[in-house]
Amino acid sequence: MVQIRSWETLRPWPVYMLAASIPLSLAATNIAKLLALLASMVVLAGAIRRRQPDAVLARLWSVPALLLMLGALALSLAWTTEPGPQALSHVVKYGKLLLIPAIVLLVRTPREAALAVGIYIASQAFVVATSWLLYLGVPVFWVPALRNSVATVYSSYLDQTIMTAGFAAICWHLRHEFPGRRGAWVGAALAAAALVNALVMLPGRSGHVTAIGVMSLALLWAVPARWRLVALAGPVVLAALAMLVAPQFNERLTGTIDEISAYQYRNDPGTSSGQRLTFWHRSLQAMAERPWTGFGVGSWNREYKRQETTHRGHVLAGTAEVRNPHQEYLLWGVHLGVGGIALLLGFMALLLRDARPFATPHRHATISVVAVLAIACLFNSSLFDALIGEYFCIVIGLLLALGLQRPTASA
């Protein structure tokens, strides 16, 4: 009995560690990730020994989908054009998807779910507050001196901007669940501070687009049903407002347009946008060669260099070691063909289906983070990349656990 109680006390702690570490440290996140996967295997082994399927996990349609995704990647080792060890490392990188069911397995009560989400919010709020201090020129001793933007804290500005946009959505939709008489005001204030941080202080263009996306969803849900069609213009209106009040957003948007024009009219691939467009173009050319099977997991770099050599005569300077096209959908397309893209889109759609019976705040928070993932994947390989990939798996897992452990919309 003492051992059972000790295990029940320790069971959710790997999830608490994940929630605390993901905004702060990839190294700490990797340690917590290993502990969470091992602990979830213990829970799963117990369910198998009792011959009782886990009732909570069985409610998630997205879990079979992510297992199918991993299985398809593993199966493609049979035909990949990339040597075995490198290809296998790509399968292992996508193993982070297992964090989603692992978190659901380890969080078994409403209190544990609320505590895990609260720990994440506190940790991410610390990062946002630190970013504000850095932007305002206040000296802080707990961040590294070398950063890739003024307001970047522990990650790159690209990852931090996306993570901050997701954090803003979570705080806004869960604001009424913040403790205390003024908890809702605290949640709203954190959401506003995060949005300003993402749009004004951080230069990540992908994060700017995701911030506009989560604000548009919040507006759509807030207006009366008869105004829903008008609210569909929200993204355009919000983007125009952001251009007026956020100089960094305006500057980055204008720069993107200039870079795309340079690529279109002068075939200049030397800019950030030009490189992305080149990667995307070569990916589509590769997919056209093998639309049904793809070239196998881990093959993107090899096929990109082959396409570049065939069509340009040489590989674009500085890109020979790039391992992904900075676009998650096309990465899956090169690896597994159109079926790979269908798997990825189906996984996201099933995440939305899983959130459908949740209480409204949890449903809206989960949908918003899935929307952030879907948008970010248009401009980055957001599941493949380290840190930002872990971020999405951990936060989606936390929100699914919260929604599953709380009363549902129909309750």
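What counts and how
Residues numbered from 1 in each chain as written. Predicted model: local features only at pLDDT ≥ 70, side-chain atom pairs only at ≥ 80, totals over all residues. Heavy atoms only, no water. Helix = DSSP H or I, 4+ residues; strand = E, 2+ residues; numbered from the N terminus. Buried < 20%, exposed > 50% of the residue type's maximum accessible area, 1.4 Å probe, protein only. Contact = heavy atoms within 4.5 Å. Core = buried A, V, L, I, M, F, W, Y, C linked by side-chain atoms within 4.5 Å. Phe/Tyr/Trp six-rings, centres within 6.5 Å; stacked < 30°, edge-to-face > 60°. Lys NZ or Arg CZ within 6 Å of the ring centre and 35° of its normal. Axes fitted to C-alpha atoms, helices over the stretch in contact; angles between N-to-C directions. Parallel < 35°, antiparallel > 145°, perpendicular 65-115°, else oblique. Left-handed = near helix turned anticlockwise from the far one by under 90°. Nonpolar A, V, L, I, M, F, W, Y, C, P; charged D, E, K, R; others polar. Patch = residues over 30% accessible without salt bridge, like charges linked within 9 Å, V, L, I, M, F, W, Y side chains within 5 Å. Areas by Shrake-Rupley, 256 points an atom, 1.4 Å probe, with all protein chains shown as cover. Salt bridge = Lys/Arg side-chain N within 4 Å of Asp/Glu carboxyl O.

Digging into the overall build of the protein chain
Thinking step 1. Looking only at helices and strands, the protein chain features 19 helices and zero strands.
Thinking step 2. For the protein chain, with 411 residues in total, the buried portion stands at 52%.
Thinking step 3. Look at the contacts in the protein chain between residues 6 or more apart in sequence, and 72% of them connect residues 24 or more apart.

Regarding the nonpolar core
Proteins that are soluble and globular tend to have nonpolar side chains buried together.
Thinking step 1. The biggest cluster of nonpolar side chains holds 102 residues, and the ones touching the most others in it are Tyr120, Phe392 and Leu398.
Thinking step 2. At 13 residues, helix 19 (residues 388-405) tops the list of elements feeding residues into this core.

Things to note about the environment of Gly403
Thinking step 1. Relative to the assigned elements, Gly403 resides in helix 19.
Thinking step 2. Take Gly403: its relative accessible area is 0%, and that puts it in the buried class.
Thinking step 3. Remark: the alpha-carbon pair of Gly403 and Arg363, spanning 40 residues in sequence, is separated by 7.2 Å.
Thinking step 4. Contact partners of Gly403, with chain neighbours within four places excluded, come to Phe358 and His362.

So, helix 6 (residues 99-106)
Thinking step 1. In terms of residue burial, helix 6 counts as a mostly covered element, since eight of its eight residues are buried.
Thinking step 2. Within helix 6 the residues assigned to the buried category are Leu99, Ile100, Pro101, Ala102, Ile103, Val104, Leu105 and Leu106.

Describing the packing of aromatic side chains
Thinking step 1. Enumeration according to the criterion identifies 10 aromatic pairs in this entry.
Thinking step 2. Summarising the aromatic geometry, the rings of Phe279 and Tyr304 are spaced 5.3 Å apart at their centres and angled 85 degrees between planes, so their arrangement reads as edge-to-face. Pair noted here: Phe279 is in helix 14 (residues 272-289) and Tyr304 is in helix 15 (residues 300-311), with a separation of 25 residues, a long-range link. The burial state of Phe279 is the same as that of Tyr304; both residues are buried.
Thinking step 3. An aromatic cluster of three or more residues is present, and its members are Tyr94, Trp332 and Phe384.
Thinking step 4. Stacked on the ring of Phe384, the Lys or Arg Lys93 has its end atom at 4.7 Å from the ring centre.

Quick word on the side chain of Asn380
Thinking step 1. Summarising the element assignment, Asn380 is placed in the loop between helix 18 (360-376) and helix 19.
Thinking step 2. Here Asn380 is in contact with Leu158, Ile162, Ser206, Arg276, His326, Gln327 and Glu328, once residues within four sequence places are set aside.

A look at the packing of helix 3 (residues 26-49) against helix 6
A pair of packed helices can be characterised by two numbers: the angle between their axes and the separation between those axes.
Thinking step 1. For the pair helix 3 and helix 6, the least separation of the axes is 9 Å and the interaxial angle reads 60 degrees. With respect to helix 6, the element helix 3 is oriented oblique. Handedness of the crossing formed by helix 3 with helix 6: left-handed. Note on element contacts: helix 6 touches helix 3 through Leu99, Ala102, Leu105 and Leu106, opposite Lys33, Ala36, Leu37, Ala39, Ser40, Val43 and Leu44.
Thinking step 2. Residue composition of the contact of helix 3 with helix 6, by class: nine nonpolar, one polar and one charged.

Here we look at unusual backbone geometry
Thinking step 1. Even without glycine at this site, His326 takes up a positive phi of about 55 degrees.
Thinking step 2. Within the element layout of this structure, His326 appears in the loop between helix 15 and helix 16 (328-336).
Thinking step 3. Taking the relative accessible area as the measure of exposure, His326 reaches 25% and is therefore partly exposed.
Thinking step 4. Positive phi is not limited to glycine here, since Leu387 has a value of about 70 degrees.
Thinking step 5. When you line up the elements, Leu387 lands in the loop between helix 18 and helix 19.

Describing a nonpolar patch on the surface
Thinking step 1. A surface patch of nonpolar side chains, about 370 Å² in accessible area, is lined by Tyr135, Leu136, Val138 and Val150.
Thinking step 2. For Leu136, a relative accessible area of 57% translates into the label exposed.

Some words on the packing of helix 4 (residues 62-75) against helix 17 (residues 338-355)
Thinking step 1. Relative to each other, helix 4 and helix 17 sit at 165 degrees, their axes nearing to 8 Å. Between helix 4 and helix 17, the angle falls in the class roughly antiparallel. The two elements helix 4 and helix 17 cross, and the hand of that crossing is left-handed. Of the residues in helix 17, those touching helix 4 at Ser62, Ala65, Leu66, Leu68, Met69 and Ala72 are Leu343, Leu344, Phe347, Leu350, Leu351 and Asp354.
Thinking step 2. Considering only residue class, the contact of helix 4 with helix 17 consists of 10 nonpolar, one polar and one charged.

A look at the pattern of salt bridges
Thinking step 1. Within the structure shown, the criterion is met by nine salt bridges.
Thinking step 2. Here Arg323 makes a salt bridge to Glu82, at a shortest N to O gap of 3.4 Å. Residue Arg323 is located in the loop between helix 15 and helix 16, and its partner Glu82 is located in the loop between helix 4 and helix 5 (84-93); the two are separated by 241 residues in the primary sequence.
Thinking step 3. Across the pair Glu390 and Lys96 runs a salt bridge, and its minimum N-O distance is 3.7 Å. In this pair, Glu390 sits in helix 19 while Lys96 sits in the loop between helix 5 and helix 6, placing the two residues 294 residues apart along the sequence.
Thinking step 4. On the basis of relative accessible area, Lys96 is assigned to the buried category, the value being 3%.
Thinking step 5. Each member of the salt-bridge network shares a partner with another, and the members are Lys33, Lys96 and Glu390.

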